[in-house]
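# Report on the structure
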Amino acid sequence: MKAKRIGVLTAGGDCPGLNAVVRGVTKHALQNGMEVLGFKNGFDGLVKNDFMFLDDRCVSGIITRGGTILGTSNLANPFAYTLPPLGSPKEPKDLTANVLNTIKENKVDALVAIGGDGTLSMAQKFIELGVKIVGVPKTIDNDLSATDFTFGFDSALSAATDAVDRIHTTAESHHRIMIIETMGRYAGWIALRSCIAGGGDICLIPEIPYNDDAIAKAIEDRRAKGKTFSIIVAAEGAVNEKGEMAVQRTIEGSTDPVRLGGISGKVAAMLEQKLGLECRVVVLGHLQRGGTPTAFDRWLSTRFGTEAVELILKNQYGNMVALRGGDIISVPIKQAVAKLKKVDPSGEEVRSALAVGTSFGSNKIG
Ligand code: F6P
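Residues numbered from 1 in each chain as written. Predicted model: local features only at pLDDT ≥ 70, side-chain atom pairs only at ≥ 80, totals over all residues. Heavy atoms only, no water.

## Examining the overall build of the protein
Note the cut-off: Here a helix means four or more residues in a row that DSSP labels H or I, a strand means two or more in a row labelled E, and each is numbered from the N terminus. For the radius of gyration, the atom set is restricted to C-alpha positions; the globular benchmark scales as 2.2 Å times the number of residues to the power 0.38. Buried means the residue's accessible area, taken with a 1.4 Å probe over protein chains only, is under 20% of the maximum for its type, while exposed means over 50%, and partly exposed covers the values in between. It only takes one pair of heavy atoms within 4.5 Å for two residues to be counted as in contact. Only the protein chains shown count as covering a residue, and every accessible area follows the Shrake-Rupley method with a 1.4 Å probe. Positive residues here are Lys and Arg, negative ones are Asp and Glu, while His and the chain termini are left out of the count. Every charge is mapped onto a representative atom, which is NZ of Lys, CZ of Arg, CG of Asp or CD of Glu.
A count of helical and extended segments in the protein gives 11 helices and 13 strands. Relative to its length of 366 residues, the protein is compact, with a C-alpha radius of gyration of 22 Å against a globular reference of 21 Å. By its C-alpha atoms, the protein is 70 × 45 × 35 Å across when sized along the principal axes. Looking at the protein as a whole, 54% of its 366 residues are labelled buried. Nonlocal contacts in the protein, meaning residues at least 24 apart in sequence, comprise 72% of its contacts between residues at least 6 apart. As displayed, the protein offers around 15300 Å² of accessible surface, 50% of which is attributable to carbon and sulfur atoms. Looking at charge distribution, the protein has the averaged site of its 42 positive side-chain charges lying 3 Å from that of its 40 negative ones.

This is the structure in structure tokens:
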């Protein structure tokens, strides 16, 4: 049966390129005679039957705009809903029936779910309940194994690299240690690539547990060579050799169950104490998620959006679009969320960083 009416939603943390996907989906679906409903704030729009009709005018001029015109949420989980007034953090409710009703009532034949690991895992559960869904992979962390790139990553990387460049000049002038904290919960792609691209000196990532003494030694070695400043790029999810992360707090019901942050402050305090040198920290946080998508992300998002509609036209539900080499392919969502894509500590990228003298704050590699 040809889909006549489709829904689209953006869920989880936002990132540059979401609007470009919504535009790609809408324009291609309209060209093929379908109606498009944009559900608001991720799965919350399906729980609350909250949507807007998307026509050509709604998506005109949004390719350059960051964020998402549909809104998003990483707290609205219909399987364990904690948001008042429908749910409560103490008593999460199962509101899957609301979602199924919304789909039925509005005669939505298929859904395009745009999101990361958490969103796509939720989508998979709805697929198992009989909902026709295609997925589009989003996350600045670039940690989905089924695709070479998620959109949003390139924009975040460019923001992080710009920060490393800017910090360089001030660090050099003041002979300081500057620590730049990037996002990256379980994968260190943003930290690693911005450190390589910005010529950072020490890179701390979740895949290579760091050791305090090894970080201090890397700084002392630089000073012995006359280099009076050092730049450390640390992923928020970096772990020490005891496996400890910088966790701010846990969040009930979220697709991201812990809020990370503070690795830079922790390492700065340790270095000031060990070396007696002045350290400053810069937490990039959501600066990496906001703003205009890069050309690469707009290009990728548009291709992902139009291909998601192609999958609907071919009745290939349960799949996610992905980039492999230069091609857009599709993979089962189930397979796509099974494994995170992490930096390989013995891979070429890490070896290349080591080859230009970057330290990973560890005695166990290189
Ligand atoms: O998953 C993407 C991400 O950017 C992570 O790197 C980060 O930990 C998380 O989102 C933060 O999300 P928020 O602050 O929106 O809860």
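## Here we look at helix 8 (residues 263-275)
Each α-helix winds once per 3.6 residues, and so residues spaced three or four apart point in a common direction. Condition: Expected helix span is given by 1.5 Å per residue-to-residue step, counting one fewer step than there are residues.
The end-to-end C-alpha distance of helix 8, which contains 13 residues, comes to 18 Å, matching closely the 18 Å that a straight helix rising 1.5 Å per residue would cover. Residues of helix 8 that are buried in the fold lie against strand 6 (177-182), strand 7 (202-204), helix 7 (212-224), strand 8 (230-235) and strand 11 (279-283). Trailing helix 8 by a residue or two, glycine 276 shows a phi angle of about 65°, which is positive.

## Notes on the pairing of strand 6
Put simply, the test is: Whether two strands pair depends on DSSP finding at least two bridges between them.
With 6 of its 6 residues buried, strand 6 lies for the most part within the structure. Alternating residues of strand 6 divide into Ile177, Ile179 and Glu181 and Met178, Ile180 and Thr182, and every residue in both groups is buried. Bridge count between strand 6 and strand 8: 6 bridges; the pairing is parallel. Residue pairing across strands places isoleucine 179 opposite isoleucine 232, the latter belonging to strand 8. In this structure, strand 6 lies alongside strand 11, joined through 5 bridges in parallel fashion. Across the sheet, the residue bridging to isoleucine 179 is valine 281, located in strand 11.

## A word on the sheet that holds strand 6
What counts is decided by this rule: Only C-alpha atoms enter the line fits that serve as axes; for helices the fit covers just the stretch in contact. Angles between N-to-C directions range over 0 to 180 degrees.
With parallel pairing, the 4 strands of this open sheet are ordered in space as 7-8-6-11. This sheet does not close on itself; its edge strands, each paired only once, are strand 7 and strand 11. The average undirected angle you get between the axes of adjacent strands in this sheet is 20°. In the packing of helix 8 onto the sheet, the strands contacted are strand 6, strand 7, strand 8 and strand 11, and the crossing angle to strand 11 comes to about 175°.

## Topic: the nonpolar core
Rule in force here: For our purposes a nonpolar core is just a set of buried Ala, Val, Leu, Ile, Met, Phe, Trp, Tyr and Cys residues, chained together by side-chain atoms within 4.5 Å. Domain limits in this description derive from either an automatic procedure or a database domain assignment.
Within the largest apolar cluster, 61 residues are counted, with the highest numbers of intra-cluster contacts made by Ile6, Val112, Ile114, Val136, Phe151 and Ile312. Counting residues per element, this core draws most heavily on helix 5 (residues 153-174), which supplies 8 residues. When residues of this core are sorted by domain, at least three fall in each of domain 1 (5-151 + 291-336) and domain 2 (157-289 + 344-355).

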